[in-house]
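Architecture and fold: a report
So you can see what is in the structure, the chains are spelled out below.
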Amino acid sequence: MKAFAVINPILEAIKYFYLKANNTCIRQKIDNIIRNREVTAEQAEAIMHPAMVLERFLDENIVMPSCAEELFGDIPCIEGADSLNTCIAALLTDRALRSEIRNIDEAEQLLLSQTQPQAISNITINLTSANIHAAAEAHSYNGLLSVLEGLPLTNDSRWKILFVLQHYEQYVRLICNSLRSAVGLIEANPQLYAYALKDFEHDYSDISDIIEVIEDENGVDTDSKDGRVYPTVIGSNSFTVHTGESDGTRTVYYVGLGVRAIGRLPLRGIEKMDEAFRILADKNRMKIMQLLCGEQAYGLELAEKLKLSPNTISHHMSKLQKCGLVISSFEGNRVYYRANKAAVD
């Protein structure tokens, strides 16, 4: 892998508007770190300091667009399901971020040149990058319907995504216009974050340790590929993979400046134990664990054996993986699950 100490102002602007549209802020991210990790408030604030500086600057200089909630608000999932941590703007700009474009006008031009199959592919890549239980990619309208059906989305969310696809050009222009002022401000003020990037190319040319921590804590075996690594400031506690290849783009990793430091902090033991007990209080999740302790299985197998819908199984597997009770791996086009023996024992 090769690391570049260059931020993408388009990504930073999307992450900023995503925070604000969902009524959250970097301070809340810091509080979550303190609550879940063995760390002092001072240490957590130091890790997230670049994000706080950039957020404060944008708060003072940006007026939220009237369409912020529609474009940057979290796409709603069914009750009890984990968020996919994405929004309409992220779905439509995925191709530009994978192409490493940092100029908003170039991004708009690229996105407007996409065919419908390409737009569908970009949307499904973004959706499934946050949920490995769904199909990886689709190129047709029917393929998109299949992917949406496999995700724990509300019906309104599914219809909204289909509506956006039907009005793709209008939404691309609206998103780019909404981002333009924030992108310009971030580009024009590198002094706000440049100090945090000085060692990035050396320190992040190898991110295997970060990938390993993410796999361990989320119970996922990722198929990590060689690619290019870039920092993200507002998303200092985030790690995003934009997978290329099928459309000629490279795999691009956007690594939060605080991810490595956060990953090295031990989880609070009582938090891990309490979470496991809460997860297993659900009788269906207990049945899943009983099955997986005997043998591995893929999603549809579990759905058939337990007489549950694939959506419900996807929701339960996300919970079980997040607390480390289940791990998964790809075999062909299927995601197989098995009990994490180390955690169960």
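To start, this report covers the structure provided alongside it.

How each quantity is defined
Residues numbered from 1 in each chain as written. Predicted model: local features only at pLDDT ≥ 70, side-chain atom pairs only at ≥ 80, totals over all residues. Heavy atoms only, no water. Axes fitted to C-alpha atoms, helices over the stretch in contact; angles between N-to-C directions. Helix = DSSP H or I, 4+ residues; strand = E, 2+ residues; numbered from the N terminus. Parallel < 35°, antiparallel > 145°, perpendicular 65-115°, else oblique. Contact = heavy atoms within 4.5 Å. Nonpolar A, V, L, I, M, F, W, Y, C, P; charged D, E, K, R; others polar. Buried < 20%, exposed > 50% of the residue type's maximum accessible area, 1.4 Å probe, protein only. Polar contact = N/O pair within 3.5 Å; in protein donor to acceptor, adjacent residues only side chain to side chain. Pairing = 2+ DSSP bridges. Core = buried A, V, L, I, M, F, W, Y, C linked by side-chain atoms within 4.5 Å. Phe/Tyr/Trp six-rings, centres within 6.5 Å; stacked < 30°, edge-to-face > 60°. Lys NZ or Arg CZ within 6 Å of the ring centre and 35° of its normal. Expected span 1.5 Å × (residues − 1). Bend = angle between axes of the 7 residues up to and from the residue.

Here we look at the packing of helix 7 (residues 104-112) against helix 11 (residues 168-188)
Between helix 7 and helix 11, whose axes approach to 10 Å, the crossing angle comes to 170°. Relative to helix 11, helix 7 is oriented roughly antiparallel. Only Tyr 168, Glu 169, Val 172, Arg 173, Cys 176, Leu 179, Arg 180 and Val 183 of helix 11 make contact with helix 7, whose side of the interface consists of Ile 104, Asp 105, Glu 108, Leu 111 and Leu 112. Taken together, the residues of the contact of helix 7 with helix 11 sort by class into 8 nonpolar, no polar and 5 charged.

Considerations on the side chain of Asp 94
Counting through the fold element by element, Asp 94 comes out in helix 6 (residues 88-98). Overall, Asp 94 belongs to the buried group, its relative accessible area being 2%. Here Asn 126 takes part through its side chain, which lies 3.3 Å from a polar atom of the side chain of Asp 94. With sequence-adjacent residues up to four places away left out, Asp 94 is seen in contact with Asn 122, Ile 125, Asn 126 and His 242.

Topic: the pairing of strand 2 (residues 228-232)
In terms of residue burial, strand 2 counts as a mostly covered element, since 4 of its 5 residues are buried. The pairing of strand 1 (residues 2-3) with strand 2 spans 2 bridges and is parallel. Its bridge partner lying in strand 2, Ala 3 is registered against Val 229. Relative to strand 4 (residues 252-256), strand 2 runs parallel, the two sharing 5 bridges. In the sheet register, Tyr 230 faces strand 4, and the bridge partner there is Tyr 254.

Observations regarding the nonpolar core
One finds Phe 72, Leu 92, Ile 161 and Leu 179 to be the most contacted residues of the largest nonpolar core, which totals 90 residues. Discounting residues that sit within four places of it in the chain, Leu 92 has contacts with Leu 111, Ile 123, Val 164, Tyr 168, Tyr 171, Val 172 and Ile 175. If you look at the next biggest cluster of nonpolar residues, it comprises 18 residues, including Ile 313, Leu 325, Val 335 and Tyr 337.

Observations regarding the packing of aromatic side chains
In total, this model carries 8 aromatic pairs according to the counting rule given. Between the aromatic rings of Phe 17 and Phe 72, the centroid separation amounts to 5.0 Å while the plane-to-plane angle is 35°, which identifies the pairing as tilted. Of the two residues, Phe 17 sits in helix 1 (residues 9-21) while Phe 72 sits in helix 5 (residues 68-72), which places them 55 residues apart along the sequence. A residue is classified by how much of its surface remains accessible, and Phe 17, at 0% relative accessible area, is buried. Ring plane angle 85° and centroid distance 6.3 Å describe the contact between Phe 163 and Tyr 171, whose orientation is recorded as edge-to-face. Relative accessible area serves as the criterion here: at 5%, Tyr 171 is assigned to the buried category. Each residue in the set Phe 4, Tyr 230 and Tyr 254 is aromatic and connected to the rest through ring pairs, giving one cluster. The cationic tip of Arg 260 hangs over the ring face of Tyr 204; the distance from NZ or CZ to the ring centre is 4.6 Å.

A word on helix 1
The end-to-end C-alpha distance of helix 1 is 18 Å, a good match for the 18 Å that 13 residues give at a rise of 1.5 Å each. The element helix 1 is extensively covered by neighbouring structure, given that 13 of its 13 residues are classed as buried. For helix 1, the capping residue at the N-terminal end is Asn 8, with a side-chain oxygen 2.9 Å from the backbone nitrogen of Ile 10. At the C-terminal side of helix 1, Asn 23 shows a positive phi close to 55°.

Quick notes on helix 11
With 21 residues, helix 11 should reach 30 Å at 1.5 Å per residue; the first-to-last C-alpha distance of 30 Å fits that figure. Taking the largest bend as the criterion, helix 11 deviates by roughly 40°, centred on Arg 180. Of all the positions in helix 11, only Tyr 168, Tyr 171, Val 172, Ile 175, Cys 176, Ser 178, Leu 179, Ala 182, Val 183 and Ile 186 are classed as buried.

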